[in-house]
Amino acid sequence: MAKYTEEELLQLKPTYDVAVNFDVDAFKAMIAEVAEHHEIADLFHQKARRRSSHHHGVKPKIKAHKPRITTDDDGWCTSTRKTSVVAVGDDGEPSPAFVAQETLRVKPNNKNIASSRPADTRDIVADKPTMSFNAFAALESDDEDQF
Amino acid sequence: MSVEEVTQKAQALSVGDNEERKTVLTDSKDFDLKHPLNSKWTLWYTKPPVGDNESWSDLLRPVTSFTTVEEFWAIQNAIPKPRELPLKSDYHLFRNDIRPEWEDEANSRGGKWSFQFKVRNPPIDDLWLRALLAVIGESIDEDESEINGVVINVRRSGFKIGLWTKSVRQAPLSKVGAKFKAVLQLDDSDTLEFFAHSSANDKNAKPALVL
């Protein structure tokens, strides 16, 4: 059984490149193709990856207006919420807030409203006022308070 | 047997040839006498998958075979080094026609010593070369040949080198493991583990041997 130590094998290493018995260029090209595919895939993942979660644990700053609680001499507590923005007039008193008023013309969309026409023509007769004002009848009436 | 002895024996075989045969020692460029190895060795490469429709059998492919020291160096100098390989690549160097798979009859009753380099930048090209030289030179093996092959895995978690054996016999494997640990220049604090291939599917399996 021939054995070679590491030193002996290193001693036999040729200083020149020797031809190999397979298509080394095709082998290298295959590896280069895989490496290029991985680079493109890595680049895609870097762009498409989800946002880093390093900010977890930091809550957004939301300034809540705490109600001011005042306690009077009788022990009653009054909660007053601070108004955010108050317009101040020339005299230092808060001026009434100006509320813009707009008049909107609303046009009903009749298409979506059910037809007002009665379905049955007999209802037309029924809907007609059955009593009309009769001046002569009113004069003859005993009811004083009618008008 | 030293290099000189092998060279002399090889030259003695050329009976009737009065012209002195040139070896790599006498002529590094035009040598015609080569130093034979004990076995034919086959280099395999696992190509990383780039598509969904590639099976393991498509990805594992033999690259070339060699039987002499000179052929080994020619191949070693020509192919990309482990650090130049893309992730998920493997180099396998196996004796004769043994396939680098558990299912191969020569491997089925064996196992592997393995170590994963988790340090940031190990001198992996040099360590892999040392492992190759120890395997093809048979300096790591016992008298009863235990070594089937050697494998390097290129992974994101780190390079991993494994030495595949044909059996799980504790006595010879302990000697082989100790030599392998020296070849990989591992410290005493580094742990080299041996797993039988029969336990490869068990994720909770414990190593059969630890050095």
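The notes below deal with the structure included here. Values in this document were obtained by computation on a predicted structure and should not be read as measured data.

Each value, and the rule that gives it
- Residues numbered from 1 in each chain as written.
- Chains lettered and ligands numbered in written order.
- Predicted model: local features only at pLDDT ≥ 70, side-chain atom pairs only at ≥ 80, totals over all residues.
- Heavy atoms only, no water.
- Phe/Tyr/Trp six-rings, centres within 6.5 Å; stacked < 30°, edge-to-face > 60°.
- Core = buried A, V, L, I, M, F, W, Y, C linked by side-chain atoms within 4.5 Å.
- Buried < 20%, exposed > 50% of the residue type's maximum accessible area, 1.4 Å probe, protein only.
- Helix = DSSP H or I, 4+ residues; strand = E, 2+ residues; numbered from the N terminus.
- Contact = heavy atoms within 4.5 Å.
- Buried area = accessible area lost by both parts, 1.4 Å probe.
- Salt bridge = Lys/Arg side-chain N within 4 Å of Asp/Glu carboxyl O.
- Polar contact = N/O pair within 3.5 Å; in protein donor to acceptor, adjacent residues only side chain to side chain.
- Nonpolar A, V, L, I, M, F, W, Y, C, P; charged D, E, K, R; others polar.
- Expected span 1.5 Å × (residues − 1).

1. Concerning the packing of aromatic side chains
Within this structure, the stated rule accounts for 8 aromatic pairs over all chains. Through successive ring pairs, a cluster of aromatic residues spans A:Phe22, A:Phe27, B:Tyr45 and B:Tyr91.

2. Let's talk about the nonpolar core
If you look at the biggest cluster of nonpolar residues, it comprises 54 residues, and the most contacted ones within it are A:Phe27, B:Tyr91, B:Trp113, B:Val150, B:Ile161 and B:Leu163. The dominant element in this core, judged by the number of residues it contributes, is helix α4 (residues 124-136) of chain B, at 10 residues. Those residues in contact with B:Ile161, other than ones at most four positions away along the chain, are B:Trp113, B:Ser114, B:Phe115, B:Phe117, B:Ile124, B:Leu127, B:Trp128, B:Val150, B:Val151, B:Ile152, B:Phe180 and B:Leu184. Residues B:Trp44, B:Leu60, B:Phe94 and B:Trp164 belong to the second largest nonpolar core, which totals 6 residues.

3. Remarks on the interface of chain A and chain B
Contact with chain A, which involves 30 residues of that partner, is made by 47 residues of chain B. Here chain A meets chain B over a buried area of about 3500 Å², counting both sides, of which 67% is carbon and sulfur. Summed over the shared surface of chain A and chain B, the result is 1 salt bridge. For B:Arg130, the salt bridge goes to A:Glu6, with nearest N and O atoms at 3.2 Å. Across the contact surface, chain A and chain B share 8 residue pairs in polar contact (both at pLDDT 80 or more). Of all the secondary structure elements, the ones that give two or more residues to the side of chain A that touches chain B are α1 (6-11) and α2 (24-48) of chain A. Take the side of chain A that touches chain B: its biggest share by element is 10 residues, from α2(A). A breakdown of the residues in the side of chain A that touches chain B according to their chemical character gives 18 nonpolar, 5 polar and 7 charged.

4. Comments concerning helix α5 (residues 170-183) of chain B
With 14 residues, α5(B) extends 20 Å between its outermost C-alpha atoms, agreeing within 8% with the 20 Å of an ideal straight helix rising 1.5 Å per residue. Once α5(B) ends, the next one or two residues include B:Gln185, with phi positive near 55°.

5. Some remarks on the pattern of salt bridges
All names here are of chain B. Applying the stated criterion across every chain yields a total of 8 salt bridges over all chains. With a closest N to O distance of 3.0 Å, Glu 138 and Arg 95 form a salt bridge. Taken together, the positions of Glu 138 in the loop between α4 and β5 (147-153) and Arg 95 in strand β3 (residues 90-95) put the pair 43 residues apart, joining distant regions of the chain. Comparing Glu 138 with Arg 95 shows no difference in burial state: the two are buried. Glu 101 is the salt-bridge partner of Arg 99, the closest N and O atoms lying 3.0 Å from each other. Using a relative accessible area of 31% as the deciding quantity, one classes Arg 99 as partly exposed. Among the residues examined, Glu 101 registers a relative accessible area of 15% and is labelled buried. In the salt-bridge network here, residues are joined through shared partners; they are Arg 95, Glu 138 and Asp 141.

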